[in-house]
Amino acid sequence: MKRGKFLRWWLSGALLGVASLAAQAAEVVVYSARNEQLIKPLFDAYTKQTGVRVKFITDKEGPLLARLKAEGRNTPADLFLTVDAGNLWQAAQEGLLKPVDSKTLQANIPAHLHDPGNVWFGLSVRARTVVYNHNKVKAGELSTYEDLAGPKWKGRLCLRTSQKVYNQSLVAMMIWEHGEAKTEQIVRGWVANLATAPFPDDNRAMEAVAAGECDVTLVNTYYFGRLMEKKPNLPLSIFWPNQNLKNKSAGVHVNVSGAGVAKYTKHEREAIRLLEWLSSPTAQNLFADVNLEYPANPAVKPDARVATWGNFKHNLINVAEAGKLQTRAVMLMDRAGYK
Ligand code: FE
């Protein structure tokens, strides 16, 4: 071998060596639709415990999904983290995630809180429930989501816009439970009962209830928790609907935030390890408590502040249905005049 050729051969070998070292480097890349304030403490704890560094970028789920898609096989992403089963289902549908075969995840996350094909796993539970003005409504007057469509709530209901995935998922689950015709009737009833046009966010809906513009609304509990921490004197209380039913619509509507392994990860084992760790008791509290959510792992107790809202039975329909039926839910809400 000539010297130049040898040098080139040696150099390419050395470079390959560096590249493969990098590939084995203890580092995982996460694309996260959850914000830095929430995930940074979590990943710092993981690094401290395992020595594995976690790099992350945060953005809204839409741009992150578009980026994963555009990068294809060249993506540096190992894990995709977002809120709402509807969004996770979408990522899976677009072939951006790969199934994970893990006994740890199966043991830690209940079957209805992860994808039936194990493509993604719920990591925290968010309950979408009733919040009411306790100066105007007695808890005994409340019963179910469906009841809020009845004439006694005429002019007393506030809702967030149907554009938000949380309401799309809620209505999708109702389609699963009741079928389209009955769900459309219920949604039409809600619309007929609205006191004001739908609000852009859960907070504004609760503020309207507190201000007496309406008496009752539907929100995710962590928004209630945050608002009450800021303004503890608001006349607002939580109610857990659908508790005394025996049929499939029994229980509070829950959704998840969760994660899946990127289809083209180059660090699959590391990605799975991080996902497994996120389902473990240590991480579950870090993950759920910062945002006043419920741990997805039933062995883990919620934060003390969250626990004061009381126990409730939650709906056991697989949250993946929220994704499958989302398009139909969006069309139904449009037909029903729910803006
Ligand atoms: Fe939210």
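Quick look at the structure, then. Position numbers for residues start from 1 in each chain and track the written sequence from start to end. Only residues with pLDDT of at least 70 are given local features in this predicted model, and only at 80 or more are side-chain atom pairs given and counted; all residues enter the totals for whole chains, interfaces and linings. As a rule here, side-chain values cover all heavy atoms of the structure and leave hydrogens and water aside.

## What about the environment of Trp 309?
Counting from the N terminus, the helices are the DSSP runs of H or I reaching at least four residues and the strands are the DSSP runs of E reaching at least two. Within the element layout of this structure, Trp 309 appears in the loop between α12 (304–307) and α13 (320–324). For every residue, the accessible area (1.4 Å probe, protein chains only) is compared with the maximum for its type, and the residue is labelled buried under 20%, exposed over 50%, or partly exposed between those bounds. Using a relative accessible area of 16% as the deciding quantity, one classes Trp 309 as buried. Taking the C-alpha atoms as reference, Trp 309 lies 22 Å from Thr 282; in sequence the two are 27 residues apart.

## A few points about helix α9 (residues 221–230)
Because each turn of an α-helix spans 3.6 residues, side chains separated by three or four positions end up pointing in the same direction. Taking burial as the measure, the 10 residues of α9 include 7 buried ones, the bulk of the element. Taken residue by residue, α9 has Thr 221, Tyr 222, Tyr 223, Phe 224, Gly 225, Leu 227 and Met 228 as its buried positions. Only heavy atoms matter for contacts: two residues are in contact if any of them lie within 4.5 Å across the pair. Taken together, the buried residues of α9 touch β5 (121–133), α6 (165–178), α8 (202–210), β7 (216–220), β8 (236–239) and β10 (294–295).

## Details of the pattern of salt bridges
Just to be clear on terms, a salt bridge is a Lys or Arg side-chain nitrogen sitting within 4 Å of an Asp or Glu carboxyl oxygen. Within this structure, the stated rule accounts for 23 salt bridges. The salt bridge partner of Arg 305 is Asp 303, with a shortest N-O separation of 2.7 Å. For Arg 305, a relative accessible area of 39% corresponds to the partly exposed category. What makes Asp 303 buried here is its relative accessible area of 15%.

## Observations concerning the packing of α8 against α9
Helices that pack against each other are described as a pair by the angle of their axes relative to one another and the distance between those axes. Each axis is a line fitted through C-alpha atoms, taken for helices only over the stretch in contact, and angles between the N-to-C directions span 0 to 180 degrees. It is at 10 Å that the axes of α8 and α9 come closest, and there the two elements cross at 60 degrees. With respect to α9, the element α8 is oriented oblique. Our pair here, α8 against α9, has a crossing hand that is right-handed. On α9, the residues touching Asp 202, Asn 203, Met 206 and Glu 207 of α8 are Tyr 223, Phe 224 and Leu 227. In the scheme used here, Gly and all other residues not listed as nonpolar or charged are polar, with Ala, Val, Leu, Ile, Met, Phe, Trp, Tyr, Cys and Pro taken as nonpolar and Asp, Glu, Lys and Arg as charged. Residue composition of the contact of α8 with α9, grouped by class: 4 nonpolar, 1 polar and 2 charged. Here the angle decides the label: under 35 degrees means roughly parallel, over 145 means roughly antiparallel, 65 to 115 means roughly perpendicular, and every other value means oblique. Note: crossing handedness is left-handed where the near helix turns anticlockwise from the far helix by less than a right angle, and right-handed where it turns clockwise.

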